[in-house]
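In case you want the letters, here they are:
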Amino acid sequence: MDLTDLIASTVQVQIRDASSFPSTTMSSASKSTSPPTITVLYFAAASTSIGLTSEEITLPVVKKHSTASEQNESESESTSGPFFLSSLPSLIISLHPDAPNLKQILEESQWSVDVEMVDKEAKDGGSWDKVELRGGEEVAVICPVSGG
Amino acid sequence: MSMLPPSASVEAKSEASGAICAISYTLDVPAIIRSVCDDGAGANVHFIGTTRNSFQGKVVTRLEYQAYSKLAVKTMMDIVQRAIESHSPAKCAVWHRIGVVPVGEPSIVVAVSAPHRKEAFSACEQILEEVKQKAQIWKREYYEGEDENAAQWKSNA
């Protein structure tokens, strides 16, 4: 997903000059009419607690003050800021307030985005408070594992 | 309430040169062992993990496994590739079962062949330990006489 977005945003500059290309790109399609959603997968203790094995979650609008990105060129009102993976646990808890022990389960869990593990504490910019969710991602709650 | 397993917990396989990592509902142990046979490898080491009948004095009636399969086989293949770099085995196969595993039946098989036994043992152990630590697979243990809905998901940590 990330590579496609990267290609689309790279190509966008050329699309404006070439009328034979379609006018919609990946980056504008994701914010056209419906709000962005992610698919969240639950396993093991998380799924037992919540009572679901997956759900679609709508990403909330995050108020943003600066409008520096090129996506804002076609919009007149304020746009939403980035929603980071680290904000997802509290969102999930708010959606399932009666799920037993969910807060602790999520605190003990790791996370994956689009089939890649995310290091909660990575020092190189890959940590989960820098992993942005834009819509369309498959996010999984990875409780402590017990294979073998 | 009895939930269906996650739709992401399915059969999956990842193959590379000299390596197979798979998740499936059944394990054909003889076939897995045969898959790592290699004329250049005189040492064959196989680890088979089976469901034990007790845990801390409680009688285990069955285990259930589920996996985030497409990520788990990716993780398993990374683990195997690291073992290949460290110990240069000839062939490796790691298979993990999902679904219900009755007592006494295999849940995981790690099979390794190498020219000599030292590398075969080392690679097999390294793969097994890392799979237990990292693969996105979960085990739920059911005990005799206990409410099934309260069965705990185990943790290897």
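Predicted, not measured: the structure shown is a model, and the values here were computed from it.

**A word on the overall build of chain B**
Step number 1: Per the secondary structure count, chain B includes 3 helices and 9 strands.
Step number 2: Rg of the C-alpha trace for chain B: 16 Å, near the compact-globule value of 15 Å for 157 residues, within the 12% margin.
Step number 3: Across its three principal axes, chain B shows a C-alpha extent of roughly 50 × 30 × 30 Å.
Step number 4: Within chain B, contacts between residues separated by at least 24 positions form 74% of all contacts whose residues are at least 6 apart in sequence.
Step number 5: Each charge sign in chain B was given a centre, from 17 positive and 18 negative side chains, and these centres are 2 Å apart.

**A look at the interface of chain A and chain B**
Step number 1: Listed per partner, the contact involves 24 residues of chain A and 30 residues of chain B.
Step number 2: For the pair chain A and chain B, the two sides together bury roughly 2,100 Å², of which 61% comes from carbon and sulfur.
Step number 3: Linking chain A with chain B are 2 salt bridges, by the criterion used here.
Step number 4: A salt bridge links Lys74(B) to Glu116(A), with the nearest nitrogen and oxygen atoms 3.2 Å apart.

**Here we look at the confidence of the model for chain B**
Step number 1: In this model, chain B carries a mean pLDDT of 96, and residues with pLDDT of at least 70 account for 99%.
Step number 2: In the model output, the complex is listed with pTM 0.84 alongside ipTM 0.94.

**Here we look at the nonpolar core**
Step number 1: Counting residues in each nonpolar core, the largest one holds 37 residues, and the members touching the most others are Leu85(A), Leu88(A), Ile92(A), Trp111(A), Leu133(A), Tyr68(B) and Trp138(B).
Step number 2: Only strand S1 (37–41), helix H3 (44–50), helix H4 (88–95), helix H5 (102–107), strand S6 (110–113) and strand S9 (138–142) of chain A provide two or more residues apiece to this core.
Step number 3: No other element matches S9(A), which puts 4 residues into this core.
Step number 4: Counting 34 residues, the second largest nonpolar core, distinct from the first, contains Val60(B), Ala83(B), Val112(B) and Ala135(B).

**A look at the sheet that holds strand S2 (residues 19–24) of chain B**
All names here are of chain B.
Step number 1: The 5 strands lie next to each other as S1-S2-S6-S8-S3, forming an open sheet whose pairing is mixed. Because the sheet does not close on itself, it has two edges, and the strands there are strand S1 (12–16) and strand S3 (43–50). Neighbouring strand axes in the sheet, compared pairwise and without regard to direction, differ in orientation by 5° on average.
Step number 2: Relative to strand S8 (residues 106–114), helix H3 (residues 117–134) is tilted by about 150°, and along the sheet it contacts S3, strand S6 (91–97) and S8.

**Structural notes on the pattern of salt bridges**
Residues and elements named next belong to chain B.
Step number 1: Per the counting criterion, the structure on display carries 12 salt bridges over all chains.
Step number 2: Close ionic contact of Arg 82 with Glu 130 constitutes a salt bridge, the shortest N to O distance being 2.7 Å. You can see Arg 82 sitting in helix H2 (residues 69–87) and its partner Glu 130 sitting in helix H3, a full 48 residues away along the chain.
Step number 3: Using a relative accessible area of 33% as the deciding quantity, one classes Arg 82 as partly exposed.
Step number 4: Judged by its relative accessible area of 13%, Glu 130 is buried.
Step number 5: What emerges from the salt-bridge pattern is a single network uniting Arg 62, Glu 64 and Glu 148.

Conventions and cut-offs
Each chain carries its own residue numbering, running from 1 in the direction its sequence is written. For this description, chains carry letters from A and ligands carry numbers from 1, given in the order in which they are written. Whole-chain, interface and lining totals are the exception, using all residues; otherwise, since this is a predicted model, local features are given only for residues with pLDDT of at least 70 and side-chain atom pairs are given and counted only at 80 or more. Only hydrogens and water are removed before side-chain values are computed, so all heavy atoms of the structure are retained for them. Secondary structure is summarised from DSSP: a helix means a run of H or I of at least four residues, a strand means a run of E of at least two, and numbering begins at the N terminus for each. Here the globule rule reads 2.2 Å times residues to the power 0.38, and the radius of gyration is calculated from C-alpha atoms. In what follows, a contact means two residues having at least one pair of non-hydrogen atoms within 4.5 Å. For the purpose of counting charges, residues Lys and Arg are taken to be positive, whereas Asp and Glu are taken to be negative. His and the chain ends are not included. By convention, the point assigned to a charge is CZ for Arg, NZ for Lys, CD for Glu and CG for Asp. Accessible-area loss on putting two parts together, using a 1.4 Å probe and summing over both, is the definition of buried area adopted here. Should a side-chain nitrogen of Lys or Arg be within 4 Å of a carboxyl oxygen of Asp or Glu, the pair is scored as a salt bridge. As a per-residue measure, pLDDT tells how confident the predictor is, with possible values from 0 to 100. Each nonpolar core is a collection of buried residues, namely Ala, Val, Leu, Ile, Met, Phe, Trp, Tyr and Cys, held together in the definition by side-chain atoms within 4.5 Å. Only protein chains enter the accessibility calculation, which uses a 1.4 Å probe; a residue whose area is less than 20% of its type maximum is buried, one above 50% is exposed, and one in between is partly exposed. By definition, two strands form a pair when at least two bridges between them are found by DSSP. Geometry is summarised by axes, namely lines fitted to C-alpha atoms with helices restricted to the contacting stretch, and by angles between N-to-C directions that run from 0 to 180 degrees.

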